[in-house]
Amino acid sequence: MATSTDTATTDTRGSESDRKPPGKPTAPWLKTLRTYTGVAIIVIWGLGPFYWMGVTAFRDLQFTFDTTPWPTHVTWDNFETVFSTARGNHFGRALVNSVIISGLTTIVSMVVGVFTAYALARLEFRGKFIILGFVLAASMFPGVALITPLFELFTNIGWFGTYQALVIPDISFALPLTIYVLTAFFRDMPWELEEAAKIDGASPGQAFRLVILPLAAPGIFTAAILAFITAWNEFTIASQLSSDETQPVTVAIASFAGAQPHVEPYTAVMAAGFVVTVPLIVMVLAFQRRIVAGLTAGGVKG
Amino acid sequence: MSTETTDAIASTEETPPAEPERASIDPHQTRRAWLLIAPTLVTLAVVIGYPVVRAIWMSFQSDETIDPQTGLFVEGGFAGLENYAHWILQQCGGQACPPGTNAASFWDTVFITLGFTVVTVAIELVLGFWFAIIMNGTFRGRGLVRAAVLIPWAIPTAVTAKLWYFIFAFDGIANSLMGTSIVWFSDKWAARAAIVISDVWKTTPFMALLILAGLQLIGQDVHEAAKVDGASAWQRFWHITLPLVKPAVVVALLFRTLDVLRIFDLPYIMTGGGAGDGNDTTTLSILVVNEIRSGFNSAAALSTLTFLLIFAVAFVFIKVLGADLSQDVKER
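Residues numbered from 1 in each chain as written. Chains lettered and ligands numbered in written order. Predicted model: local features only at pLDDT ≥ 70, side-chain atom pairs only at ≥ 80, totals over all residues. Heavy atoms only, no water.

Topic: the overall build of chain A
Check the secondary structure of chain A and you find 13 helices and zero strands. When the elements of chain A are put in sequence order from the N terminus, they spell out α-α-α-α-α-α-α-α-α-α-α-α-α. Within chain A, the proportion of its 302 residues that are buried is 52%. (Helix = DSSP H or I, 4+ residues; strand = E, 2+ residues; numbered from the N terminus. Buried < 20%, exposed > 50% of the residue type's maximum accessible area, 1.4 Å probe, protein only.)

Some remarks on the overall build of chain B
A count of helical and extended segments in chain B gives 14 helices and four strands. Per-residue burial for chain B yields a buried fraction of 53% across its 332 residues. Excluding contacts between residues fewer than 6 apart, the proportion of contacts in chain B whose partners are at least 24 apart in sequence is 66%. Total accessible area computed for chain B in this model is approximately 14700 Å², and 64% of it derives from carbon and sulfur atoms. (Contact = heavy atoms within 4.5 Å. Areas by Shrake-Rupley, 256 points an atom, 1.4 Å probe, with all protein chains shown as cover.)

What about the interface of chain B and chain A?
Facing the 117 residues of chain B at the interface are 105 residues of chain A. For the pair chain B and chain A, the summed buried surface comes to about 10600 Å²; carbon and sulfur atoms form 74% of the total. Applying the counting criterion to the chain B and chain A interface returns two salt bridges. In this structure, B:Lys162 and A:Glu264 form a salt bridge, with 2.9 Å as the shortest nitrogen-oxygen distance. At the surface where chain B touches chain A, the tally comes to 11 residue pairs in polar contact (both at pLDDT 80 or more). With 20 residues, helix α2 (residues 27–59) of chain B is the single largest residue contributor to the side of chain B that touches chain A. (Buried area = accessible area lost by both parts, 1.4 Å probe. Salt bridge = Lys/Arg side-chain N within 4 Å of Asp/Glu carboxyl O. Polar contact = N/O pair within 3.5 Å; in protein donor to acceptor, adjacent residues only side chain to side chain.)

Description of the packing of helix α12 (residues 266–286) of chain A against helix α6 (residues 157–167) of chain B
Relative placement of two packed helices is described by the angle separating their axes and the distance separating the axes. Where α12(A) contacts α6(B), the axes come no closer than 10 Å and their chain directions differ by 145°. For α12(A) against α6(B), the interelement crossing comes out left-handed. Judged by residue contacts, A:Tyr266, A:Val269, A:Met270, A:Gly273, A:Val276 and A:Thr277 of α12(A) engage B:Val159, B:Lys162, B:Leu163, B:Tyr165 and B:Phe166 from α6(B). Classifying every residue of the contact of α12(A) with α6(B) by side-chain character gives eight nonpolar, two polar and one charged. (Axes fitted to C-alpha atoms, helices over the stretch in contact; angles between N-to-C directions. Left-handed = near helix turned anticlockwise from the far one by under 90°. Nonpolar A, V, L, I, M, F, W, Y, C, P; charged D, E, K, R; others polar.)

Here's the deal with a nonpolar patch on the surface
On the surface, a cluster of nonpolar side chains totalling about 410 Å² of accessible area is made up of B:Ile88, B:Leu89, B:Trp107 and B:Phe111. Examined against the element boundaries, B:Ile88 turns out to sit in helix α3 (residues 82–88). (Patch = residues over 30% accessible without salt bridge, like charges linked within 9 Å, V, L, I, M, F, W, Y side chains within 5 Å.)

Considerations on the packing of helix α7 (residues 163–187) of chain A against helix α9 (residues 204–232) of chain A
All names here are of chain A. For the pair α7 and α9, the least separation of the axes is 9 Å and the interaxial angle reads 155°. Taken as axis vectors, α7 and α9 run roughly antiparallel relative to one another. Two packed elements cross with a definite hand, and for α7 against α9 that hand is right-handed. For the pair formed by α7 and α9, the contact residues are Asp170, Phe173, Ala174, Leu177, Thr178, Val181, Leu182, Phe185 and Phe186 on the first element and Ala216, Gly219, Ile220, Thr222, Ala223, Leu226, Ala227, Thr230 and Ala231 on the second. Its residues placed into classes, the contact of α7 with α9 shows 13 nonpolar, four polar and one charged. (Parallel < 35°, antiparallel > 145°, perpendicular 65-115°, else oblique.)

Points about helix α2 (residues 28–57) of chain A
Helix length check: α2(A) (30 residues) gives 42 Å between terminal C-alpha atoms against 44 Å at 1.5 Å per residue, within 8%. At A:Leu47, α2(A) shows its strongest bend, of approximately 35°, with the proline A:Pro49 following within four residues. (Expected span 1.5 Å × (residues − 1). Bend = angle between axes of the 7 residues up to and from the residue.)

Regarding the packing of aromatic side chains
Tallied over the entire structure, the rule returns 38 aromatic pairs over all chains. Taking 6.3 Å as the distance between ring centres and 90° as the angle between the ring planes, the aromatic pair formed by A:Phe186 and A:Trp191 counts as edge-to-face. When its relative accessible area of 3% is taken as the criterion, A:Trp191 is described as buried. Three or more aromatic residues link up through ring pairs in this structure, and these residues are A:Phe50, A:Phe58, A:Trp76, A:Phe79 and A:Phe274. The ring of B:Tyr165 is capped by B:Lys162, whose NZ or CZ atom sits 5.5 Å from the centre of that ring. Between B:Arg192 and the ring centre of B:Trp189, over which it is positioned, the NZ or CZ distance is 4.5 Å. (Phe/Tyr/Trp six-rings, centres within 6.5 Å; stacked < 30°, edge-to-face > 60°. Lys NZ or Arg CZ within 6 Å of the ring centre and 35° of its normal.)

Some details on the pattern of salt bridges
Here the structure, examined in full by the defined rule, presents 10 salt bridges over all chains. The closest approach of N and O atoms between B:Arg54 and A:Glu152, which form a salt bridge, is 2.5 Å. Of this pair, B:Arg54 sits in helix α2 while A:Glu152 is found in helix α6 (residues 144–156), placing the two residues in two different chains. Beyond isolated ion pairs, a larger network of salt bridges with shared partners links B:Glu124, B:Asp199, B:Arg256, B:Asp259 and B:Arg262.

Points about the side chain of B:Thr157
Relative to the helices and strands, B:Thr157 is located in helix α6. When near neighbours in sequence (up to four residues on either side) are disregarded, B:Thr157 contacts B:Lys202, B:Asp265 and B:Leu266.

Concerning the nonpolar core
Proteins that are soluble and globular tend to have nonpolar side chains buried together. One finds A:Phe91, A:Phe186, B:Trp153 and B:Met270 to be the most contacted residues of the largest nonpolar core, which totals 181 residues. Counting residues per element, this core draws most heavily on helix α8 (residues 188–215) of chain B, which supplies 15 residues. Residues contacting A:Phe186, with those up to four places away along its chain left out, are A:Val114, A:Ala117, A:Tyr118, A:Ala121, A:Trp191, A:Ala216 and A:Ile220. (Core = buried A, V, L, I, M, F, W, Y, C linked by side-chain atoms within 4.5 Å.)

Brief notes about the environment of B:Trp87
Residue and element names in this part refer to chain B. The topology assignment puts Trp87 in helix α3. Judged by its relative accessible area of 0%, Trp87 is buried. The spacing of Trp87 and Ser105 is 18 residues in sequence and 8.8 Å in space, taken between C-alpha atoms. In this structure Trp87 touches Asn102, Ala103, Phe106, Trp107, Leu287, Glu291, Ser298, Ala301, Leu302 and Leu305, once residues within four positions along its chain are discounted.

So, helix α5 (residues 128–139) of chain A
Along an α-helix, a turn takes 3.6 residues, which lines up residues three or four apart on a common side. Residue and element names in this part refer to chain A. Spanning 12 residues, α5 covers 17 Å between terminal C-alpha atoms, matching the ideal 16 Å at 1.5 Å per step. All of the buried residues in α5 are Lys128, Ile131, Leu132, Val135, Leu136 and Ala138. Summarising the axial view, the buried residues of α5 lie within an arc of 160°, below the 170-degree limit, and thus occupy one face. (Arc of directions from axis to C-beta.)

Considering unusual backbone geometry
The phi dihedral of A:His73 falls on the positive side, at around 50°, and the residue is not glycine. Tracing the backbone through its elements, the reader meets A:His73 in the loop between α2 and α3 (77–83).

Considerations on the confidence of the model for chain B
All names here are of chain B. For chain B, the mean per-residue pLDDT works out to 82, and 85% of the residues sit at or above 70. By mean pLDDT, helix α1 (residues 4–14) is the weakest element of chain B at 41, and α6 is the strongest at 94. Here residues 327–332 is a poorly scored stretch, pLDDT under 50, and it has 14 contacts once near neighbours within four places are set aside; other chains count. This prediction of the complex comes with two scores: 0.84 for pTM and 0.85 for ipTM. (pLDDT = per-residue confidence, 0-100.)

See below:
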């Protein structure tokens, strides 16, 4: 990085013709105004549509298309509709299904992935780049390419619509993601402590368990959150391989039925979306720094 | 520049390489490493390896057909490249597939998918860069901004689809704000625009965060030095910022391109793959799902073509644009 920096600077300095006399500097107030306008746009971008979902979720069905920007005709009715099973919707069950599917996916991915990440971050061995390439290729793999063979397989062995039929394909993207994030975290840990523990007589296993694991806990936690959110948000595979009994919330929302056929029950769907999203948002807000670090850890090279 | 994110990312980069003297490979360590990796390999072999091999095998088999004489199902047997010809040459049993079949829309679907990819990623790149530059500045309320950009990322795509379906409803807020009366999901271009807007909304923050992390690696001193030397803001952006964030941008582009190439949830939920009753918003992933109902083997051929396309694009990115995803590891 140092080299390229020098080059860039030299380039700028070298080309005399490009050099402009230091012009009138931008007024500080104008700069501030520009920054805060941009900040306002970003905040509205992120929060605006979500806010609108919230407002609609609490709005009376009769006033679905009311465009008043603040909450009007506030009611809890939509949430009752969401959890009511009268029209064949099983949203409560779908919520439980999502917790089961995402939970199992996360646990399996973490248990399996943590060892691989340790080896990739910490050990020098033959074939390391092949493994790394393998994990990367797996993370780019299109989920839809799994559906056809798995659809056939699960139908043949009677697993169609079971939890394992949904967890297995989810692992295909949760595990590479877990390995990716964990490897990045493990690479930056103070490993000299491990050496110190070994000098003090700890076995490699003990050094890992007693010294490294507690230090790695935040990274492991972040990887688990990312895996959980990704599995929670999965729709493609679940839309094809789940049954009514095992469908997760994403599928339940997409097929949410209203009072009349062909009339979208917008307010209830927004309420359902609100229920699904709020726990994620609380989690994201609570761990935002770690999540940003985890999301960008794999992608950025200095 | 003093938030914890910055610190976390900065410290990532400043950590000295862990014991470079370990360069020589110790066979004992190799054995231990492979033991640690074995569970992952076994798992990936089951969840990805098996389906891939099976899909490729299926793609060379004929679909079961109903014998016109007996009315019974007959095993298809080896089909050679028939399933691939079915898609690429749009051949149905030796003649051109009739319009309205999945195969007849193959090339339309390919171009629709590529179109979504190019347009969405281009818009996201520009907006994401702009967001990142703003977020890299000094201002009050960094926490709020970071939280705001994470919200579209955290909302499940299925919910995003429903949310924007509501926003783009005929009586919805989009028409109301713009003073238009567009029937968004009946016109093919309006429907495509709605899908692009929803995807851009959801994923620009991710792009911005990746670019921001790249921007934060550039020391303020570099900019100061260039400023002293009389470089204009534009020159500093073009000659300093851009070359230095290029690796981060290329990786972000790669991730997003591969994501949009397999886009399914948004067009499937918002339009079911068509505007009105056409297939003007059918992407490759939707076509695969539609085809499963017609025949496993032809669907397997189509999904094989889809992942070949995705790997070809990834290969181009890595070879031509130099997306280096494993640089950190190679350095060690």
